[in-house]
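Per-entry structural report
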Amino acid sequence: MSTSEQARAHGAVPAPVTVFDDDVPAVANLDPALRGALRRAAKEAGIEFVVNGGWRSPEYQERLRREAVAKYGSEQEAARWVATPATSAHVSGDAVDIGPAEARRWLSEHGAGYGLCQIYRNEPWHYELRPEAVENGCPPMYPDPSHDPRMRR
């Protein structure tokens, strides 16, 4: 298996990948309810929803976290952008990073109707499924992941 095939098996995303690409582990391993909501929204929007990040293995998430520490200079600053494998919603298949900007704009206006919510103010691409949002709207966003109580596990 080549290095790129290994990376893909761990959740790295080849470009471009849509929410309909079931042959890509980053999409195929998303929670089925999240994947279904994304597909319904994409069909309704008539816009291609590109998956820039989806499910990730713990090993791949840890690599991304180490890279963030190197980039931002500290664990504390990196935590504003990348969660640990134990706390990442990507590792559990419960989060997706969506592009392009047109798809993100559409989701910011209409995503709650599908239960799709932006969770972090600093990450306009990061969406998670909140089924209660269909009736109640999306919950208030955290400024960044370091403010999310789920990250303190």
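Residues numbered from 1 in each chain as written. Predicted model: local features only at pLDDT ≥ 70, side-chain atom pairs only at ≥ 80, totals over all residues. Heavy atoms only, no water.

1. Observations concerning the overall build of the protein
Counted only if it meets this: Only DSSP runs of H or I reaching four residues or more are called helices, and only runs of E reaching two or more are called strands; each is numbered from the N terminus. Here, two residues are considered to be in contact whenever any of their heavy atoms come within 4.5 Å of each other. For accessible areas, the Shrake-Rupley method is used with a probe of radius 1.4 Å. Any residue's cover is judged against the shown protein chains and nothing else. Positive charges come from Lys and Arg, negative ones from Asp and Glu, while His and the chain ends are left out of the count. Charged groups are reduced to one reference atom each: NZ for lysine, CZ for arginine, CG for aspartic acid, CD for glutamic acid.
Helix and strand content of the protein: 7 helices and 4 strands. Sequence-ordered secondary structure for the protein, helices as α and strands as β, is α-α-α-β-α-α-β-α-β-β-α. In terms of principal-axis extent, the alpha carbons of the protein reach across some 40 × 35 × 25 Å. By sequence separation, contacts in the protein at least 24 residues apart represent 56% of the contacts at least 6 residues apart. Per element, the accessible surface of the protein, about 8,000 Å² overall, is 51% carbon and sulfur. Placing the 18 positive and 22 negative side-chain charges of the protein at their respective mean positions leaves the two points 2 Å apart.

2. Side note on the pairing of strand S2 (residues 95-99)
Just so we agree on the cut-off: The buried label goes to any residue with under 20% of its type's maximum accessible area, the exposed label to any with over 50%, and the partly exposed label to all in between, with areas taken from a 1.4 Å probe on protein chains only. Two strands make a pair as long as DSSP finds a minimum of two bridges between them.
Across the 5 residues of S2, 5 count as buried, placing the element largely inside the fold. Judged by which residues are buried, S2 turns out to be covered on both faces: Ala 95, Asp 97 and Gly 99 on one side and Val 96 and Ile 98 on the other are all buried. As judged from the 3 bridges shared by strand S1 (residues 50-53) and S2, these two strands associate in the antiparallel manner. If you follow Val 51 over to S2, its bridge partner there is Ile 98. Relative to strand S4 (residues 126-129), S2 runs antiparallel, the two sharing 3 bridges.

3. Quick word on the sheet that holds S2
Short version of the rule: Lines fitted to C-alpha atoms define the axes here, with helix axes fitted over just the stretch in contact, and angles between the N-to-C directions of these axes take values from 0 to 180 degrees.
Read across the sheet, 4 strands follow the order S1-S2-S4-S3 without closing on themselves; strand pairing throughout is antiparallel. Taken across any chain shown, the strands that pair with only one partner, and hence form the sheet edges, are S1 and strand S3 (116-118). When strand polarity is set aside, the average angle formed by the axes of neighbouring strands in this sheet is 45°. Each of S2, S3 and S4 is contacted by helix H6 (residues 101-110), which is oriented at about 120° to S2, the strand it contacts most.

4. Side note on the packing of aromatic side chains
How two aromatic rings sit relative to each other is set out by the distance from centre to centre and by the angle between their planes. Let me state the cut-off plainly: Pairing of aromatic side chains here covers Phe, Tyr and the six-membered ring of Trp, requires ring centres within 6.5 Å, and sorts the geometry by plane angle: under 30 degrees stacked, over 60 edge-to-face, intermediate tilted.
For the structure on display, the rule yields 4 aromatic pairs. Pairing Phe 49 with Trp 106 gives two aromatic rings, centres 6.1 Å apart and planes at 55°, and the pair type is tilted. With Phe 49 in the loop between helix H3 (32-45) and S1 and Trp 106 in helix H6, the pair connects residues that are 57 residues apart, well separated along the chain. Between Trp 106 and Tyr 114, the ring centres sit 5.8 Å apart and the planes meet at 45°, which makes this aromatic pair tilted. Summarising the burial analysis for this pair, Trp 106 and Tyr 114 share the class buried. Every member of this aromatic cluster is reached through a ring pair, and the members are Phe 49, Trp 106 and Tyr 114.

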